[in-house]
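If you want the building blocks of each chain, they are given just below.
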Amino acid sequence: MIVCVAVVGHQNNPLYIQSFTEADDALKLHHIVHCSLDVVDERVNNPKKTGPLLNETFLGLLYPIENFKVYGYLTNTKVKFILVTTDLDVKDADVRNFFRRFHAAYVDAVSNPFHVPGKKITSRTFAERVSTIVKSFGLSSAV
C-alpha cells in the first residue's frame with residue numbers, strides 16, 4: 001500500500017506531498033521523503049558506486065526504513081518523485097508503471113498555462129489523478 005508520494009523540485013523544494021494515512025503519520029512521512037533526497041543526490045552524483053545509468057530515470061529502491069520502502073525517480077529536469085510504501089514485496093515493474101503514470105500526470109499539471117514553474121502544485125485535477133493512480137497501484141501492470 002502506498003502511504004506517501006512526493007514531487008520535489010530541482011532545488012530540493014517540495015512541490016507536492018500527499019500522504020494516504022492518518023494525520024499522525026504525516027510528519028513522519030514528510031521526514032522520510034526529506035531524508036530520501038540525500039540518497040537521490042548520492043546516486044545521481046556517484047553513478048559508478050550505486051549502479052543506475054546516467055540516462056536511467058528510475059532510481060529503484062532508495063532505502064528501506066522501519067516498515068516502509070522508499071523508491072525514487074528522477075526526471076530529465078532534475079525533478080524528483082518519491083514513493084513510500086508499506087509493501088515489502090513490491091515488484092519493480094509495478095513501481096516503474098506507477099512512476100510512468102505519475103510522471104504523465106505531473107507533465108499534464110505543469111503544462112497548465114496558469115501553473116508557475118517551481119511553485120507548489122495546487123491543481124485539484126492533479127490530486128485526483130494521483131489518488132486514482134495510488135488506488136490502482138499493484139492491481140495490474142497493464143492499466
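The name an unreviewed UniProt entry gives the protein chain is Trafficking protein particle complex subunit 2-like protein, with Stylosanthes scabra as the organism. Under the Sequence similarities (unreviewed entry) heading, UniProt states for the protein chain: "Belongs to the TRAPP small subunits family. Sedlin subfamily."

A. Structural context of the packing of aromatic side chains. A full pass over the atoms with the stated rule returns 10 aromatic pairs. Centre to centre, the rings of F81 and Y106 are 5.3 Å apart; their planes meet at 70°, and the pair counts as edge-to-face. Highlighted residues: F81 in strand 5 (residues 80-85) and Y106 in helix 3 (residues 92-110), separated in sequence by 25 residues. Assigned by exposure class, F81 and Y106 land together as buried. On the basis of an interplanar angle of 90° and a centroid distance of 5.9 Å, the ring pair of F98 and F137 is categorised as edge-to-face. Here F98 is found in helix 3, whereas its partner F137 is found in the segment after helix 4 (124-135), with 39 residues between them in sequence. As far as the burial class goes, F98 and F137 line up, both buried. Grouped by ring-pair contacts, the aromatic residues Y16, F58, Y73, F81, F98, F99, F102, Y106, F126 and F137 constitute a single cluster.

B. Here's a closer look at the sheet that holds strand 2 (residues 14-19). Within the open sheet, the five strands sit side by side as 2-1-5-4-3. Their pairing is antiparallel. Each edge of the open sheet is held by one strand with a lone partner, namely strand 2 and strand 3 (58-65). Across this sheet, the average inter-strand angle for adjacent strands is 15°, counted without regard to direction. Alignment of strand 1 (residues 2-8) against strand 5, held across six bridges, turns out to be antiparallel. Paired with C4 across the strands is V84, a residue of strand 5. Across the face of the sheet, helix 3 comes into contact with strand 1, strand 2, strand 3, strand 4 (68-74) and strand 5 while running at roughly 135° to strand 5. Of the strands in this sheet, strand 1 and strand 2 touch helix 4, which is tilted by about 140° from strand 1.

What counts and how
- Here the residue numbers are simple positions, counted from 1 along each chain's written sequence.
- Thresholds applied to this predicted model are a pLDDT of at least 70 for local features of residues and 80 or more for the giving and counting of side-chain atom pairs; totals over whole chains, interfaces and linings are not thresholded and use all residues.
- Hydrogens are left out, water is left out, and the side-chain values use all remaining heavy atoms of the structure.
- UniProt positions are given in the numbering used here, feature names are shortened, and annotations may be inferred rather than shown by experiment.
- Stacked, tilted and edge-to-face pairs are distinguished by plane angle, under 30 degrees for stacked and over 60 for edge-to-face with tilted covering the rest, among Phe, Tyr and Trp rings (Trp via its six-membered ring) whose centres lie within 6.5 Å.
- Only runs of H or I of at least four residues qualify as helices and only runs of E of at least two qualify as strands under DSSP, and these elements are numbered from the N terminus.
- Each residue is assigned to one of three classes by its accessible area relative to the maximum for its type, calculated with a 1.4 Å probe on protein chains only: buried under 20%, partly exposed between the two thresholds, exposed over 50%.
- By the convention used here, strands pair only if DSSP detects at least 2 bridges between them.
- For helices, the fitted line uses only the C-alpha atoms of the stretch in contact; every axis is such a line through C-alpha atoms, and the angle between N-to-C directions lies from 0 to 180 degrees.
- Residue contacts are counted whenever heavy atoms from the two residues lie within 4.5 Å of one another.

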